[in-house]
Amino acid sequence: MLNLIYNKNPQEAQRLFHGRGKSQINFDFINIDYFPPVILITLYRDASSEIINSIQNQLLNLPGLEFNKILLQKRFLPMAPTESLLGDPIFEHLCEENNLKYSIKFGSTQNLGFFLDMKLGREIIQNNIAGKKVLNLFSYTCAFSVVAMKYGASEVVNMDMSKPALSRAKENHFINNLNIKNVKFFAHDILKSFGLIKRLAPFDFIIIDPPSDHGSHFKVDRDYPKLISRLKDWSSPGALVLTCLNSPFHSFNFLEECMKLSFDSVELLEKCGAPKSFAETDPERGLKIMLWRLP
């Protein structure tokens, strides 16, 4: 029996079970997410039909959780294939968080296009973004940009290597009826684009949310300090910087040391991780989010 955590909001996307946090060792290869009215079970290794049936029965008997589809994604297989356990197959869907909508896709890629664990990061942006010019690095499908424009950013520059992700990013803005006249999308290798970023500067709010490992394109130990060292060239006086990292091999202290290498004095405003439903037995292994004010 899984220890499921959920609120009974019939619209809000949320994680129901975070096995990867190792709170239940026997099920540490399972995550379960809820994108109303769809439930997605993700396996990181194979599981018996008995386990799958037991999880499905538990979900079907949950009070107050409304759904008509259950999908099973096998992340341990090439291309992470997805099959339907309940209801007709579904490939495209809109999920909702804090009254904003985001496009997600099932069965075509390993990642759906929206990361539920970054909810608190999006709320930090919501509360601090009004009137600011924003640089959003490793923007992926630009959920941060959607929040920024919704809550009053003056301009957003999004940069990511993936053209398909940026195409979906534009879709996310349109879904939420946001004007993209002051939103830019660059399909660039960020580490080769420092000159372009400097020409577009200065920025009042800078977001750094890289993948934990992106092959030769980005290595945390090698490249995160490089990005921090460039902040002086990119930022306006007193700019805010949101540093994020979801690597189990790096702690909050790593982000703090990166900042201290480049700045004699910098103010830490907020420090958090993922929502409670993403609980980790060792919080340092989970998502790390820190909001800073530069000198």
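Note that the structure is predicted; figures quoted are calculated from it, not measured.

Peer 1: Please give an account of the overall build of the chain that cites residues and values.
Peer 2: Each helix and strand counted, the chain has eight helices and 16 strands in total. Computed over its C-alpha atoms, the radius of gyration of the chain comes to 19 Å, within 12% of the 19 Å expected for a compact globule of 295 residues. Counting every position in the chain, which comprises 295 residues, the buried fraction comes to 52%. Sequence-distant contacts in the chain: of pairs separated by 6 or more residues, those separated by 24 or more amount to 62%. Put simply, the chain has 34 plus and 31 minus side-chain charges, and the middle of one group is 5 Å from the middle of the other.

Peer 1: With reference to specific residues and values, describe the side chain of histidine 250.
Peer 2: Considering the arrangement of structural elements, one finds histidine 250 in the loop between strand S14 (235-245) and helix H8 (252-262). Here the side chain of histidine 250 touches serine 247 through a polar contact of 2.8 Å, side chain to side chain. Filtering out sequence-adjacent residues up to four positions away, histidine 250 remains in contact with Val220, Asp221, Leu245, Glu284 and Lys288.

Peer 1: Residue-level account of the sheet that holds strand S1 (residues 14-18), with values.
Peer 2: The strands that make up a sheet pair up through hydrogen bonds in the backbone, lying either parallel or antiparallel. In spatial order, the strands read S1-S2-S3-S4-S5; together these five strands make up an open sheet with mixed pairing. Whereas interior strands pair on both sides, the edge strands pair on one side only; in this sheet they are S1 and strand S5 (82-86). On average, each strand axis in the sheet is inclined to that of its neighbour by 20°, with strand direction left out of account. Here strand S2 (residues 30-35) pairs with strand S3 (residues 38-43) via six bridges, running antiparallel. When the sheet's bridge partners are listed, phenylalanine 35 is paired in S3 with valine 38.

Peer 1: Lay out the sheet that holds strand S9 (residues 155-159) with the relevant residues and their values.
Peer 2: Taking strand neighbours across the sheet as the criterion, the seven strands line up as S10-S9-S8-S11-S14-S16-S15 in an open arrangement whose pairing is mixed. Unpaired on one side and paired on the other, strand S10 (183-186) and strand S15 (267-272) mark the two borders of the sheet. The average undirected angle you get between the axes of adjacent strands in this sheet is 15°. Note that S14 and strand S16 (residues 288-293) share six bridges and pair antiparallel. From the neighbouring strand, leucine 240 faces S16, where its bridge partner is arginine 293. Contacting S14, S15 and S16, H8 runs over the sheet at an angle of about 25° to S16.

Peer 1: Summarise the pattern of salt bridges; cite the residues concerned and give the values.
Peer 2: Applying the stated criterion across every chain yields a total of 12 salt bridges. Note that arginine 15 is salt-bridged to aspartate 33, the shortest N-O span being 2.7 Å. Here aspartate 33 lies in strand S2 and arginine 15 lies in strand S1, a separation of 18 residues in the sequence. When its relative accessible area of 12% is taken as the criterion, arginine 15 is described as buried. Glutamate 256 is the partner of lysine 260 in a salt bridge, and the nearest nitrogen-oxygen pair spans 3.1 Å.

Peer 1: So what's going on with the packing of helix H2 (residues 119-128) against helix H3 (residues 143-150)? Residues and values would help.
Peer 2: Interaxial distance between H2 and H3 falls to 8 Å at its minimum, and their mutual angle equals 30°. By the angle between their axes, H2 is roughly parallel relative to H3. Every pair of crossing elements has a handedness; the one defined by H2 and H3 is right-handed. In this structure, H2 contributes Gly121, Arg122, Ile125 and Gln126 to the contact, and H3 contributes Ala143, Phe144, Val147 and Ala148.

Peer 1: Give a description of the environment of leucine 16 that names residues and reports values.
Peer 2: Mapped onto the elements, leucine 16 comes out in strand S1. Once the C-alpha coordinates of leucine 16 and aspartate 213 are considered, the two residues, 197 residues apart in sequence, prove to be 26 Å apart.

Peer 1: Summarise the nonpolar core; cite the residues concerned and give the values.
Peer 2: Core analysis: the biggest nonpolar cluster contains 43 residues, and Phe35, Phe106, Ile125, Phe205 and Leu242 have the highest contact counts within it. Looking at which element gives the most residues to this core, the answer is H3, with six residues. In contact with isoleucine 125, other than residues within four places in its own chain, are Phe144, Val147, Ala148, Phe205, Ile207 and Leu242. Counting 34 residues, the second-largest nonpolar core is a separate cluster that includes Leu231, Trp234, Phe254 and Phe263.

Peer 1: With reference to specific residues and values, describe H8.
Peer 2: Turning to H8, its buried residues are Phe252, Phe254, Leu255, Cys258, Met259 and Ser262. Near the N-terminus of H8, the side chain that reaches the backbone nitrogen of asparagine 253, with its oxygen 3.2 Å away, is that of serine 251.

The rules behind each value
Residues numbered from 1 in each chain as written. Predicted model: local features only at pLDDT ≥ 70, side-chain atom pairs only at ≥ 80, totals over all residues. Heavy atoms only, no water. Helix = DSSP H or I, 4+ residues; strand = E, 2+ residues; numbered from the N terminus. Rg over C-alpha atoms; globule rule 2.2 N^0.38 Å. Buried < 20%, exposed > 50% of the residue type's maximum accessible area, 1.4 Å probe, protein only. Contact = heavy atoms within 4.5 Å. Lys, Arg positive; Asp, Glu negative; His and termini not counted. Charge placed at Lys NZ, Arg CZ, Asp CG, Glu CD. Polar contact = N/O pair within 3.5 Å; in protein donor to acceptor, adjacent residues only side chain to side chain. Pairing = 2+ DSSP bridges. Axes fitted to C-alpha atoms, helices over the stretch in contact; angles between N-to-C directions. Salt bridge = Lys/Arg side-chain N within 4 Å of Asp/Glu carboxyl O. Parallel < 35°, antiparallel > 145°, perpendicular 65-115°, else oblique. Left-handed = near helix turned anticlockwise from the far one by under 90°. Core = buried A, V, L, I, M, F, W, Y, C linked by side-chain atoms within 4.5 Å.

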